[in-house]
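# Report on the structure
Now for the letters of each chain:
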Amino acid sequence: MLVSLTVGKVDAGVTVLLTPDKRLIEFPSILLPPNIVSGSIVDITVSRNHESEAKADAQFAALQDQIFSSFGASQPSVPVLRCRNATQTSVVLEWDPIELATADLISLSLYRNGQKAGNIPRPMHMHSTKISGLAVDTEYSFHLVLRTTAGTFASKQVVVRTHKMTDLSGITITTGILPAPMREELAKAVERIGAKIVDGVRIDTTHFVTTEGRGVPWEKAVEMNIPVVRPEWVEACEKNGRILGVTKFYLDALRPGPPGTSEGTPTIASPPTPVTTQQAQKDLPLTPAQVEESKVESKKEEAKEESSDESDSEEEARDNEKMQHTGEQKVRFEDKDTQKVALRPGGQPSTEKVTAEDEDEGDSSDDRAPAHSPGDGASFQDVAL
(Lines give C-alpha, C1' and ligand atoms only; values in the text may rest on other atoms or scores of the structure.)
Protein backbone atom coordinates (compact mmCIF):
# COMPACT_ATOMS: atom_id res chain seq x y z
CA MET A 1 0.00 0.00 0.00
CA LEU A 2 1.50 3.29 -1.20
CA VAL A 3 0.69 6.51 0.66
CA SER A 4 1.83 10.03 -0.47
CA LEU A 5 2.26 12.59 2.32
CA THR A 6 3.32 16.24 2.28
CA VAL A 7 5.95 17.41 4.74
CA GLY A 8 4.57 20.25 6.85
CA LYS A 9 7.09 21.08 9.52
CA VAL A 10 10.47 19.49 10.12
CA ASP A 11 11.93 19.32 13.62
CA ALA A 12 14.96 17.59 14.94
CA GLY A 13 13.06 14.56 16.19
CA VAL A 14 9.58 14.63 14.76
CA THR A 15 8.28 15.72 11.34
CA VAL A 16 4.66 16.68 10.77
CA LEU A 17 3.19 15.07 7.64
CA LEU A 18 -0.09 16.11 5.99
CA THR A 19 -2.46 13.66 4.37
CA PRO A 20 -4.51 14.54 1.29
CA ASP A 21 -7.51 15.15 3.54
CA LYS A 22 -5.39 17.59 5.60
CA ARG A 23 -4.81 15.38 8.66
CA LEU A 24 -1.64 15.67 10.65
CA ILE A 25 0.66 12.72 11.26
CA GLU A 26 3.72 12.93 13.47
CA PHE A 27 6.45 10.81 11.96
CA PRO A 28 10.00 10.21 13.19
CA SER A 29 12.44 12.37 11.24
CA ILE A 30 15.11 9.67 11.29
CA LEU A 31 12.94 7.42 9.09
CA LEU A 32 12.50 10.05 6.37
CA PRO A 33 14.95 10.63 3.50
CA PRO A 34 17.64 13.22 4.21
CA ASN A 35 17.50 16.81 2.95
CA ILE A 36 13.73 17.08 3.07
CA VAL A 37 12.12 20.43 3.75
CA SER A 38 8.65 21.78 4.28
CA GLY A 39 6.51 21.16 1.19
CA SER A 40 8.37 17.99 0.17
CA ILE A 41 6.23 15.00 -0.79
CA VAL A 42 7.23 11.55 0.40
CA ASP A 43 5.79 8.14 -0.53
CA ILE A 44 5.46 5.57 2.25
CA THR A 45 4.67 1.91 1.52
CA VAL A 46 2.78 0.05 4.32
CA SER A 47 2.47 -3.80 4.39
CA ARG A 48 1.87 -6.60 7.00
CA ASN A 49 4.82 -8.87 7.92
CA HIS A 50 3.25 -12.29 8.53
CA GLU A 51 6.54 -14.07 9.04
CA SER A 52 7.64 -11.81 11.89
CA GLU A 53 4.18 -11.97 13.39
CA ALA A 54 4.30 -15.79 13.53
CA LYS A 55 7.67 -15.73 15.20
CA ALA A 56 6.42 -13.32 17.90
CA ASP A 57 3.37 -15.49 18.59
CA ALA A 58 5.58 -18.54 19.00
CA GLN A 59 7.86 -16.74 21.44
CA PHE A 60 4.92 -15.52 23.56
CA ALA A 61 3.37 -19.01 23.77
CA ALA A 62 6.69 -20.46 24.91
CA LEU A 63 6.93 -17.89 27.68
CA GLN A 64 3.42 -18.74 28.87
CA ASP A 65 4.26 -22.43 28.97
CA GLN A 66 7.39 -21.72 30.98
CA ILE A 67 5.47 -19.65 33.57
CA PHE A 68 2.77 -22.28 33.92
CA SER A 69 5.26 -25.11 34.36
CA SER A 70 7.14 -23.15 37.00
CA PHE A 71 4.27 -21.73 39.03
CA GLY A 72 0.96 -23.25 37.98
CA ALA A 73 1.64 -26.97 37.52
CA SER A 74 1.55 -27.83 41.28
CA GLN A 75 -0.28 -26.42 44.28
CA PRO A 76 -0.09 -26.88 48.09
CA SER A 77 -1.24 -30.32 49.25
CA VAL A 78 -4.22 -30.78 51.53
CA PRO A 79 -3.11 -31.75 55.10
CA VAL A 80 -3.64 -35.40 56.02
CA LEU A 81 -4.46 -35.69 59.74
CA ARG A 82 -4.64 -38.91 61.79
CA CYS A 83 -4.68 -40.02 65.44
CA ARG A 84 -1.45 -41.51 66.74
CA ASN A 85 -2.49 -42.38 70.29
CA ALA A 86 -5.30 -41.70 72.75
CA THR A 87 -5.51 -42.06 76.53
CA GLN A 88 -8.10 -41.20 79.18
CA THR A 89 -7.33 -37.47 79.09
CA SER A 90 -5.07 -36.81 76.07
CA VAL A 91 -4.81 -37.34 72.32
CA VAL A 92 -1.69 -37.35 70.12
CA LEU A 93 -2.31 -36.24 66.51
CA GLU A 94 0.10 -36.41 63.59
CA TRP A 95 0.04 -35.38 59.91
CA ASP A 96 2.12 -35.72 56.75
CA PRO A 97 4.74 -33.08 55.95
CA ILE A 98 3.25 -29.94 54.46
CA GLU A 99 3.88 -29.40 50.72
CA LEU A 100 3.54 -25.79 49.64
CA ALA A 101 4.82 -26.08 46.04
CA THR A 102 5.62 -22.51 44.97
CA ALA A 103 3.26 -20.85 47.49
CA ASP A 104 4.23 -19.22 50.78
CA LEU A 105 2.92 -20.42 54.13
CA ILE A 106 0.68 -18.16 56.19
CA SER A 107 -0.44 -20.44 59.06
CA LEU A 108 -1.42 -23.98 60.05
CA SER A 109 -4.25 -24.13 62.60
CA LEU A 110 -5.81 -26.98 64.58
CA TYR A 111 -9.57 -27.02 65.18
CA ARG A 112 -11.35 -29.02 67.89
CA ASN A 113 -15.09 -29.62 67.63
CA GLY A 114 -15.31 -26.88 65.00
CA GLN A 115 -13.55 -24.25 67.11
CA LYS A 116 -9.98 -23.07 66.69
CA ALA A 117 -7.71 -24.62 69.31
CA GLY A 118 -4.56 -22.74 68.25
CA ASN A 119 -1.82 -22.40 65.64
CA ILE A 120 0.84 -25.07 65.16
CA PRO A 121 4.30 -23.59 65.86
CA ARG A 122 6.96 -24.25 63.20
CA PRO A 123 4.57 -26.21 60.93
CA MET A 124 7.30 -27.02 58.41
CA HIS A 125 9.25 -28.92 61.08
CA MET A 126 6.57 -30.17 63.51
CA HIS A 127 4.36 -32.99 62.30
CA SER A 128 2.59 -33.96 65.56
CA THR A 129 0.98 -32.41 68.59
CA LYS A 130 -0.49 -33.52 71.93
CA ILE A 131 -3.79 -32.25 73.30
CA SER A 132 -4.19 -32.75 77.06
CA GLY A 133 -6.87 -31.98 79.63
CA LEU A 134 -9.66 -33.85 77.85
CA ALA A 135 -12.60 -35.54 79.53
CA VAL A 136 -12.68 -39.28 80.11
CA ASP A 137 -14.69 -41.39 77.65
CA THR A 138 -15.66 -38.39 75.49
CA GLU A 139 -15.77 -38.02 71.70
CA TYR A 140 -13.84 -35.20 69.97
CA SER A 141 -13.37 -34.14 66.32
CA PHE A 142 -10.18 -32.52 64.98
CA HIS A 143 -9.10 -31.06 61.64
CA LEU A 144 -6.29 -28.88 60.24
CA VAL A 145 -6.61 -25.70 58.17
CA LEU A 146 -3.63 -24.70 55.98
CA ARG A 147 -3.51 -21.08 54.80
CA THR A 148 -1.08 -20.14 52.00
CA THR A 149 -0.64 -17.46 49.37
CA ALA A 150 -2.14 -19.92 46.88
CA GLY A 151 -5.32 -20.47 48.91
CA THR A 152 -6.75 -22.21 51.99
CA PHE A 153 -6.83 -25.98 52.35
CA ALA A 154 -8.63 -27.94 55.10
CA SER A 155 -8.06 -31.56 56.08
CA LYS A 156 -10.72 -34.17 56.73
CA GLN A 157 -12.11 -34.40 60.25
CA VAL A 158 -10.70 -37.06 62.55
CA VAL A 159 -13.07 -38.33 65.26
CA VAL A 160 -11.37 -39.62 68.43
CA ARG A 161 -12.90 -40.95 71.65
CA THR A 162 -10.90 -40.87 74.88
CA HIS A 163 -10.53 -44.13 76.78
CA LYS A 164 -12.39 -45.34 79.84
CA MET A 165 -10.54 -45.78 83.14
CA THR A 166 -10.52 -49.55 82.62
CA ASP A 167 -9.00 -49.28 79.12
CA LEU A 168 -5.21 -49.49 79.44
CA SER A 169 -4.42 -49.80 75.73
CA GLY A 170 -3.40 -46.15 75.48
CA ILE A 171 -0.51 -46.51 77.94
CA THR A 172 2.82 -46.07 76.14
CA ILE A 173 5.86 -46.85 78.27
CA THR A 174 9.51 -46.02 77.76
CA THR A 175 11.88 -47.92 80.04
CA GLY A 176 14.98 -46.57 81.71
CA ILE A 177 17.54 -48.34 83.87
CA LEU A 178 16.04 -51.64 85.05
CA PRO A 179 17.50 -54.99 86.14
CA ALA A 180 17.14 -57.71 83.50
CA PRO A 181 14.61 -59.85 85.48
CA MET A 182 12.51 -56.80 86.30
CA ARG A 183 12.57 -55.68 82.66
CA GLU A 184 11.27 -59.07 81.55
CA GLU A 185 8.49 -59.05 84.14
CA LEU A 186 7.56 -55.50 83.12
CA ALA A 187 7.33 -56.51 79.44
CA LYS A 188 5.01 -59.41 80.31
CA ALA A 189 2.80 -57.22 82.51
CA VAL A 190 2.58 -54.54 79.80
CA GLU A 191 1.55 -57.15 77.27
CA ARG A 192 -1.11 -58.54 79.61
CA ILE A 193 -2.79 -55.16 80.18
CA GLY A 194 -2.73 -54.29 76.47
CA ALA A 195 -0.26 -51.42 76.69
CA LYS A 196 2.95 -51.04 74.67
CA ILE A 197 6.64 -50.34 75.19
CA VAL A 198 8.48 -48.04 72.77
CA ASP A 199 12.15 -47.26 72.28
CA GLY A 200 13.12 -43.76 73.23
CA VAL A 201 11.11 -40.93 74.71
CA ARG A 202 8.52 -39.70 72.21
CA ILE A 203 5.61 -37.30 72.19
CA ASP A 204 3.18 -40.17 72.75
CA THR A 205 5.11 -41.61 75.71
CA THR A 206 2.74 -41.55 78.69
CA HIS A 207 5.02 -42.99 81.42
CA PHE A 208 8.74 -43.47 81.94
CA VAL A 209 9.46 -46.57 84.07
CA THR A 210 12.84 -46.88 85.80
CA THR A 211 14.49 -47.64 89.11
CA GLU A 212 17.27 -45.04 88.87
CA GLY A 213 16.98 -41.37 88.06
CA ARG A 214 19.86 -40.93 85.64
CA GLY A 215 20.66 -41.19 81.96
CA VAL A 216 19.79 -39.22 78.84
CA PRO A 217 16.30 -40.79 78.40
CA TRP A 218 15.45 -39.94 82.01
CA GLU A 219 16.57 -36.33 81.50
CA LYS A 220 14.45 -36.06 78.34
CA ALA A 221 11.42 -37.50 80.15
CA VAL A 222 11.81 -34.98 82.96
CA GLU A 223 12.19 -32.16 80.42
CA MET A 224 8.98 -33.23 78.65
CA ASN A 225 7.07 -33.51 81.99
CA ILE A 226 6.46 -37.24 81.51
CA PRO A 227 5.70 -39.07 84.81
CA VAL A 228 8.73 -41.06 86.00
CA VAL A 229 7.39 -44.05 87.95
CA ARG A 230 8.60 -47.33 89.40
CA PRO A 231 7.63 -50.73 87.91
CA GLU A 232 5.21 -51.24 90.80
CA TRP A 233 2.81 -48.84 89.08
CA VAL A 234 2.23 -51.26 86.18
CA GLU A 235 1.68 -54.10 88.62
CA ALA A 236 -0.84 -52.02 90.59
CA CYS A 237 -2.75 -51.12 87.40
CA GLU A 238 -2.90 -54.76 86.40
CA LYS A 239 -4.04 -55.80 89.87
CA ASN A 240 -6.82 -53.18 90.03
CA GLY A 241 -7.87 -53.55 86.39
CA ARG A 242 -7.84 -49.78 85.81
CA ILE A 243 -5.39 -46.93 85.44
CA LEU A 244 -4.17 -45.54 88.76
CA GLY A 245 -2.67 -42.25 89.80
CA VAL A 246 1.10 -42.01 89.81
CA THR A 247 1.55 -39.92 92.97
CA LYS A 248 2.43 -42.89 95.17
CA PHE A 249 4.62 -44.49 92.50
CA TYR A 250 6.93 -41.62 91.58
CA LEU A 251 10.59 -42.55 91.50
CA ASP A 252 11.38 -40.09 94.28
CA ALA A 253 8.26 -40.97 96.29
CA LEU A 254 8.49 -42.71 99.67
CA ARG A 255 8.30 -46.49 99.42
CA PRO A 256 6.25 -48.28 102.10
CA GLY A 257 8.48 -50.63 104.12
CA PRO A 258 7.48 -53.98 105.71
CA PRO A 259 5.82 -53.85 109.14
CA GLY A 260 8.14 -53.85 112.09
CA THR A 261 11.01 -52.22 110.24
CA SER A 262 12.13 -48.65 110.10
CA GLU A 263 13.03 -48.78 106.42
CA GLY A 264 10.86 -46.51 104.34
CA THR A 265 9.62 -44.71 107.44
CA PRO A 266 10.25 -40.99 107.44
CA THR A 267 12.52 -39.73 110.18
CA ILE A 268 10.68 -37.47 112.59
CA ALA A 269 12.90 -34.80 114.01
CA SER A 270 12.68 -34.30 117.77
CA PRO A 271 11.00 -31.06 118.74
CA PRO A 272 13.33 -28.30 119.90
CA THR A 273 13.75 -27.68 123.60
CA PRO A 274 11.59 -25.00 125.17
CA VAL A 275 14.60 -22.82 125.87
CA THR A 276 15.70 -22.88 122.26
CA THR A 277 12.17 -22.18 121.06
CA GLN A 278 11.76 -19.26 123.43
CA GLN A 279 15.11 -17.79 122.41
CA ALA A 280 14.20 -18.14 118.74
CA GLN A 281 10.85 -16.48 119.37
CA LYS A 282 12.53 -13.63 121.20
CA ASP A 283 14.99 -13.10 118.35
CA LEU A 284 12.24 -13.00 115.73
CA PRO A 285 10.17 -9.81 115.32
CA LEU A 286 6.58 -9.99 116.49
CA THR A 287 3.88 -10.27 113.86
CA PRO A 288 0.66 -8.19 114.11
CA ALA A 289 -1.23 -11.29 115.28
CA GLN A 290 1.34 -11.93 118.02
CA VAL A 291 1.12 -8.27 119.10
CA GLU A 292 -2.66 -8.59 119.44
CA GLU A 293 -2.27 -11.83 121.41
CA SER A 294 0.20 -10.19 123.79
CA LYS A 295 -2.23 -7.30 124.36
CA VAL A 296 -5.06 -9.70 125.10
CA GLU A 297 -2.86 -11.67 127.53
CA SER A 298 -1.77 -8.48 129.34
CA LYS A 299 -5.43 -7.44 129.72
CA LYS A 300 -6.27 -10.86 131.11
CA GLU A 301 -3.41 -10.61 133.64
CA GLU A 302 -4.58 -7.14 134.72
CA ALA A 303 -8.12 -8.45 135.19
CA LYS A 304 -6.77 -11.35 137.27
CA GLU A 305 -4.75 -8.93 139.45
CA GLU A 306 -7.81 -6.73 139.97
CA SER A 307 -9.94 -9.73 140.89
CA SER A 308 -7.25 -10.94 143.30
CA ASP A 309 -7.09 -7.45 144.89
CA GLU A 310 -10.87 -7.42 145.28
CA SER A 311 -10.81 -10.90 146.87
CA ASP A 312 -8.06 -9.76 149.27
CA SER A 313 -10.07 -6.69 150.24
CA GLU A 314 -13.15 -8.85 150.77
CA GLU A 315 -11.18 -11.23 152.99
CA GLU A 316 -9.83 -8.28 155.02
CA ALA A 317 -13.40 -6.96 155.46
CA ARG A 318 -14.54 -10.38 156.65
CA ASP A 319 -11.64 -10.54 159.15
CA ASN A 320 -12.49 -7.07 160.45
CA GLU A 321 -16.12 -8.05 160.89
CA LYS A 322 -15.07 -11.20 162.78
CA MET A 323 -12.75 -9.14 165.02
CA GLN A 324 -15.54 -6.64 165.77
CA HIS A 325 -17.97 -9.47 166.51
CA THR A 326 -15.42 -11.08 168.87
CA GLY A 327 -14.82 -7.76 170.63
CA GLU A 328 -18.54 -7.27 171.14
CA GLN A 329 -18.82 -10.76 172.64
CA LYS A 330 -15.92 -10.03 175.01
CA VAL A 331 -17.61 -6.79 176.14
CA ARG A 332 -20.80 -8.71 176.80
CA PHE A 333 -18.93 -11.33 178.80
CA GLU A 334 -17.27 -8.59 180.91
CA ASP A 335 -20.69 -7.06 181.60
CA LYS A 336 -21.96 -10.46 182.65
CA ASP A 337 -19.00 -10.92 185.01
CA THR A 338 -19.75 -7.60 186.68
CA GLN A 339 -23.38 -8.54 187.13
CA LYS A 340 -22.42 -11.92 188.56
CA VAL A 341 -20.06 -10.39 191.11
CA ALA A 342 -22.75 -7.95 192.17
CA LEU A 343 -25.44 -10.63 192.50
CA ARG A 344 -23.39 -13.38 194.18
CA PRO A 345 -24.16 -13.91 197.95
CA GLY A 346 -21.49 -13.95 200.62
CA GLY A 347 -21.34 -17.77 201.03
CA GLN A 348 -20.30 -18.39 197.44
CA PRO A 349 -16.85 -19.36 196.35
CA SER A 350 -14.21 -16.73 195.92
CA THR A 351 -14.00 -14.39 193.00
CA GLU A 352 -11.01 -16.18 191.53
CA LYS A 353 -12.99 -19.42 191.15
CA VAL A 354 -15.86 -17.58 189.52
CA THR A 355 -13.52 -15.83 187.17
CA ALA A 356 -12.01 -19.15 186.14
CA GLU A 357 -15.46 -20.56 185.43
CA ASP A 358 -16.36 -17.47 183.43
CA GLU A 359 -13.23 -17.84 181.34
CA ASP A 360 -14.23 -21.41 180.61
CA GLU A 361 -17.63 -20.21 179.55
CA GLY A 362 -16.07 -17.48 177.36
CA ASP A 363 -13.94 -20.09 175.58
CA SER A 364 -16.94 -22.23 174.75
CA SER A 365 -19.23 -19.36 173.89
CA ASP A 366 -18.46 -19.71 170.20
CA ASP A 367 -19.85 -23.29 170.17
CA ARG A 368 -23.00 -22.86 172.30
CA ALA A 369 -25.33 -20.17 173.59
CA PRO A 370 -24.37 -18.20 176.79
CA ALA A 371 -25.18 -20.17 179.97
CA HIS A 372 -27.27 -18.89 182.89
CA SER A 373 -25.47 -17.03 185.64
CA PRO A 374 -24.08 -19.37 188.29
CA GLY A 375 -25.40 -19.05 191.82
CA ASP A 376 -27.63 -20.63 194.39
CA GLY A 377 -30.69 -20.42 192.17
CA ALA A 378 -31.68 -16.94 193.36
CA SER A 379 -32.72 -14.40 190.76
CA PHE A 380 -32.08 -10.67 190.69
CA GLN A 381 -35.29 -10.00 192.62
CA ASP A 382 -34.31 -12.40 195.50
CA VAL A 383 -31.00 -10.72 196.27
CA ALA A 384 -31.12 -8.19 199.03
CA LEU A 385 -28.92 -5.22 198.39
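A short tour of the structure in this document, coming up. Along each chain, the written sequence defines residue order, and numbers are assigned to residues from 1. Where local features are concerned, this predicted model is filtered to residues with pLDDT of at least 70; where side-chain atom pairs are given and counted, the filter is 80 or more; whole-chain, interface and lining totals use all residues. Only hydrogens and water are removed before side-chain values are computed, so all heavy atoms of the structure are retained for them.

### Regarding the overall build of the protein chain
Where we set the bar: The helix count covers DSSP runs of H or I at least four residues long, the strand count covers runs of E at least two residues long, and both are numbered beginning at the N terminus. A simple rule labels every residue: compare its accessible area, found with a 1.4 Å probe on the protein chains alone, to the largest value its type can have, and call it buried under 20%, exposed over 50%, or partly exposed in between. To measure how exposed things are, a 1.4 Å probe is used in the Shrake-Rupley method; for residues, cover is taken only from the protein chains shown.
Scanning the protein chain from N- to C-terminus turns up seven helices and 16 strands. Classification of the 385 residues of the protein chain by burial places 24% in the buried group. Taken as a whole, the protein chain presents about 27200 Å² of accessible surface, with 53% of it coming from carbon and sulfur.

### With respect to the sheet that holds strand S15 (residues 207-209)
Strands in a sheet are paired, the pairing made by backbone hydrogen bonds, and the direction either parallel or antiparallel. Filter applied, for reference: DSSP-based pairing: two strands are paired if at least 2 bridges between them are found.
Judged by pairing direction, the sheet is parallel, and its four strands sit side by side in the order S14-S13-S15-S16 without closing on themselves. In the strand order of this sheet, the two ends are held by strand S14 (196-197) and strand S16 (228-229), each with one partner. Relative to S14, strand S13 (residues 172-175) runs parallel, the two being bridged by two bridges. Counterpart to threonine 172 in the pairing with S14 is lysine 196.

### Describing the sheet that holds strand S9 (residues 128-131)
Using the following cut-off: For every element, the axis is a line fit to its C-alpha atoms; helices are fit only across the contacting stretch, and the angle between N-to-C directions ranges from 0 to 180 degrees.
As summarised here, the arrangement of the three strands in space is S5-S6-S9, forming an open sheet in which the pairing is antiparallel. The open sheet terminates on both sides in strands that have one partner only, identified here as strand S5 (81-86) and S9. The sheet shows a mean angle of 25 degrees between the axes of neighbouring strands, direction not considered. As paired elements, strand S6 (residues 91-95) and S9 share four bridges and run antiparallel to each other.

### Let's talk about the side chain of serine 107
Just so we agree on the cut-off: Two residues form a contact once any of their heavy atoms are found within 4.5 Å.
Positionally, serine 107 belongs in strand S7 (residues 105-112). By relative accessible area, serine 107 is classed as buried at 18%. In this structure serine 107 touches Val145, Leu146 and Arg147, once residues within four positions along its chain are discounted.

### Focus: the pattern of salt bridges
Put simply, the test is: The term salt bridge refers to a side-chain nitrogen of Lys or Arg lying within 4 Å of a carboxyl oxygen of Asp or Glu.
All chains considered together, the criterion is met by 13 salt bridges. Arginine 161 is the partner of aspartate 137 in a salt bridge, and the nearest nitrogen-oxygen pair spans 3.0 Å. Of this pair, aspartate 137 sits in the loop between S9 and strand S10 (139-148) while arginine 161 is found in strand S12 (residues 158-161), placing the two residues 24 residues apart along the sequence. In this structure aspartate 137 comes out as partly exposed when scored by relative accessible area, which is 28%. Glutamate 238 is the partner of arginine 192 in a salt bridge, and the nearest nitrogen-oxygen pair spans 2.5 Å.

### With respect to the pairing of S7
A regular strand places its side chains on the two faces of the sheet in alternate fashion. Looking at chain direction, S7 and S10 are connected through seven bridges and run antiparallel. Looking at the pairing, leucine 110 lines up with leucine 144 of S10. When S7 meets strand S8 (residues 115-119), the two strands line up antiparallel, connected through four bridges. Its bridge partner being in S8, arginine 112 is matched across the sheet by glutamine 115. Counting the residues between successive antiparallel strands, the hairpin from S7 to S8 contains two residues, one of them, asparagine 113, with a positive phi of roughly 55 degrees.

### Notes on the pairing of strand S4 (residues 41-45)
Of the two faces of S4, only one is covered, namely that formed by Val42 and Ile44; the face formed by Ile41, Asp43 and Thr45 stays uncovered. As paired elements, strand S1 (residues 2-10) and S4 share five bridges and run antiparallel to each other. By the bridge assignment, valine 3 is partnered in S4 with isoleucine 44.

### Overview of a nonpolar patch on the surface
This is how the line gets drawn: Two distance rules govern patches: like charges are joined within 9 Å, and nonpolar side chains (Val, Leu, Ile, Met, Phe, Trp, Tyr) within 5 Å, applied only to residues with over 30% relative accessible area and no salt bridge.
Taken together, the side chains of Leu63, Ile67 and Phe71 present a nonpolar region at the surface, about 310 Å² in accessible area. Tracing the chain through its elements places phenylalanine 71 in helix H1 (residues 50-72). A residue is classified by how much of its surface remains accessible, and phenylalanine 71, at 56% relative accessible area, is exposed.

### Here's the deal with the nonpolar core
One broad trend across soluble globular proteins is that nonpolar side chains are buried collectively. Heads up, the condition is: Throughout, nonpolar core names a set of buried Ala, Val, Leu, Ile, Met, Phe, Trp, Tyr and Cys residues whose side chains join them through atoms within 4.5 Å.
Counting 19 residues, the largest nonpolar core has Leu81, Val91, Leu93, Trp95, Leu108, Leu110 and Phe142 as the members making the most contacts within it. Elements represented by at least two residues in this core include exactly S5, S6, S7, S10 and S12. At four residues, S10 tops the list of elements feeding residues into this core. The contacts of leucine 108, once residues within four sequence positions are left out, are Pro79, Trp95, Ile98, Asn119, Ile120, Pro123, Leu144, Val145 and Leu146. Judged by nonpolar contacts, the second largest core, of 18 residues, contains Leu178, Leu186, Ala189 and Ala195.

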